Amino acid sequence: MADRAERRDGALDNEHWSDVLIQALPYFKQWVGKIVVVKYGGNAMLNDELKAAVMKDIVLLHTIGVNVVLVHGGGPEINRMLDRIGKKSTFINGLRYTDEETMDIVQMVLTGKLNNEIVGMLLQEGGKAVGLSGVDDGLLRARKKVASEGDLGFVGDVVEVHPEIVRSLIEHDFIPVISTVALGTNGDMHCYNINADTAAAQIAVALKAEKFVQLTNVPGVLTDTNDPSSIITRIPFSAVAELIANGTIGGGMIPKVECCTMALLGGVPRTHIIDGRVPHSLLIEMFSDRGIGTMIFTE
């Protein structure tokens, strides 16, 4: 005999399906018509099943009227292509040194391969999607990054965001898919490699997004990095500085949290760091009371 909550085949019974839908309904109403910027990268882009789950989530959100803007990176794929041509990657303080040849590879992988692949997967799931790079219509303008550790080559900091083309696509019911390559400013015709997390946060600010979500390869902010159950689910903006100072937020989590605070300071009310390795983590965050990952928010 089937258990009240779950049948032997693992499926929820009708009563619990209705509970799930009733719980989700207020969130459907909350997010319809709102802009949600999702930064997508890392391990979730390397696993075919996880990629398919992310695409299904985004198309579902789009279908019910949520305006999703997908910003993607592609570091692992860039590494793979550089390895294939026998070019060694050099990192300076965590940033990839990007000479002219490497920049060509970055553009080829991000704008040529991954962007098209993501758009194609969204189309396969029944979505309407258009691929962009930061160069298109001057969406992202960058200045060469100056680092005390040494010259980084064609690595840039975004100094201007012109989101008109993204807004136009949203108005015409498309899902914009953005690769983070940017054009220089003031007559500088070089293209620059841009950190996808920071670019996504700046795009969220420019679009006045309601939510900014980073899909990562960790559960969220942990008090013990070796214990996934030690996750901090909610962090008010006012607590971030202290958590960094006392080491609770450290290492590679610091730049992710700093991207969240950048978005918050720019007027985005809710930011999230969630585990892209969990199938349908985006839907769990958007449409359930339990949520997932860490939310950093303005009070």
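One can find the structure itself at the top, above this paragraph.
Below: a short report on this structure. None of these values were measured; they are calculated from a predicted model.

1. Focus: the environment of Ala199
- Locating Ala199 in the fold gives a position in helix α6 (residues 196–206).
- Taking the C-alpha atoms as reference points, Ala199 and Glu171, 28 residues apart in sequence, are found 22 Å from one another.
- Apart from residues no more than four positions distant in its own chain, Ala199 is found in contact with Leu140, Thr180 and Ile194.

2. Topic: the sheet that holds strand β9 (residues 181–184)
- Sheet architecture is open: four strands sit in the order β7-β6-β9-β10, paired in mixed fashion. Either end of the sheet is taken by a strand with one partner, and the two such strands are β7 (156–161) and β10 (191–193). In this sheet, neighbouring strand axes are inclined to one another by 50 degrees on average, regardless of whether the strands run parallel or antiparallel.
- Relative to β7, strand β6 (residues 140–144) is paired through five bridges, and the arrangement is antiparallel. Residue pairing in the sheet places Arg143 in a bridge with Asp157 of β7.

3. Some thoughts on the packing of aromatic side chains
- Considering all chains together, one arrives at one aromatic pair under this definition.
- A centroid spacing of 6.1 Å and a plane angle of 55 degrees characterise the contact between Phe154 and Tyr192, whose relative ring orientation is tilted. Of this pair, Phe154 sits in the loop between β6 and β7 while Tyr192 sits in strand β10; the two residues are 38 residues apart in sequence, bridging distant segments of the chain.
- Looking at Tyr192, the relative accessible area reads 4%, which means it is buried.
- One residue, Lys128, lies across the ring of Phe174, its end atom 4.6 Å from the ring centre.
- Stacked on the ring of Phe297, the Lys or Arg Arg234 has its end atom at 4.5 Å from the ring centre.

4. Structural notes on the pairing of strand β2 (residues 67–72)
- Most of β2 sits inside the fold, with six of its six residues counted as buried.
- Going residue by residue along β2, you find Asn67, Val69 and Val71 tucked away on one face and Val68, Leu70 and His72 tucked away on the opposite face as well.
- In terms of strand pairing, strand β1 (residues 35–40) meets β2 through six bridges, oriented parallel. Within β2, the residue paired with Ile35 across the bridge is Asn67.
- With three bridges joining them, β2 and strand β8 (residues 175–179) adopt parallel strand pairing. Across the sheet, the residue bridging to Val71 is Ile178, located in β8.

5. Some words on helix α8 (residues 253–265)
- The end-to-end C-alpha distance of α8 is 18 Å, a good match for the 18 Å that 13 residues give at a rise of 1.5 Å each.
- Here α8 has its buried residues at Met253, Lys256, Val257, Cys259, Cys260, Thr261, Ala263 and Leu264.
- Packing partners of the buried residues in α8 comprise α6, β11 (211–216), α7 (240–245), β13 (270–275) and β14 (294–297).
- After α8 finishes, the residue Gly267 shows a positive phi value of roughly 105 degrees.

6. Observations regarding the pattern of salt bridges
- By the definition in use, this model includes 15 salt bridges.
- Note that Asp151 is salt-bridged to Lys144, the shortest N-O span being 2.8 Å.
- A relative accessible area of 36% places Lys144 in the partly exposed class.
- Each of the salt bridges in this network shares a partner with another, and the network as a whole consists of Asp48, Lys51, Glu77, Arg80, Lys113 and Glu117.

Cut-off values and rules
- Residues numbered from 1 in each chain as written.
- Predicted model: local features only at pLDDT ≥ 70, side-chain atom pairs only at ≥ 80, totals over all residues.
- Heavy atoms only, no water.
- Helix = DSSP H or I, 4+ residues; strand = E, 2+ residues; numbered from the N terminus.
- Contact = heavy atoms within 4.5 Å.
- Pairing = 2+ DSSP bridges.
- Axes fitted to C-alpha atoms, helices over the stretch in contact; angles between N-to-C directions.
- Phe/Tyr/Trp six-rings, centres within 6.5 Å; stacked < 30°, edge-to-face > 60°.
- Buried < 20%, exposed > 50% of the residue type's maximum accessible area, 1.4 Å probe, protein only.
- Lys NZ or Arg CZ within 6 Å of the ring centre and 35° of its normal.
- Expected span 1.5 Å × (residues − 1).
- Salt bridge = Lys/Arg side-chain N within 4 Å of Asp/Glu carboxyl O.

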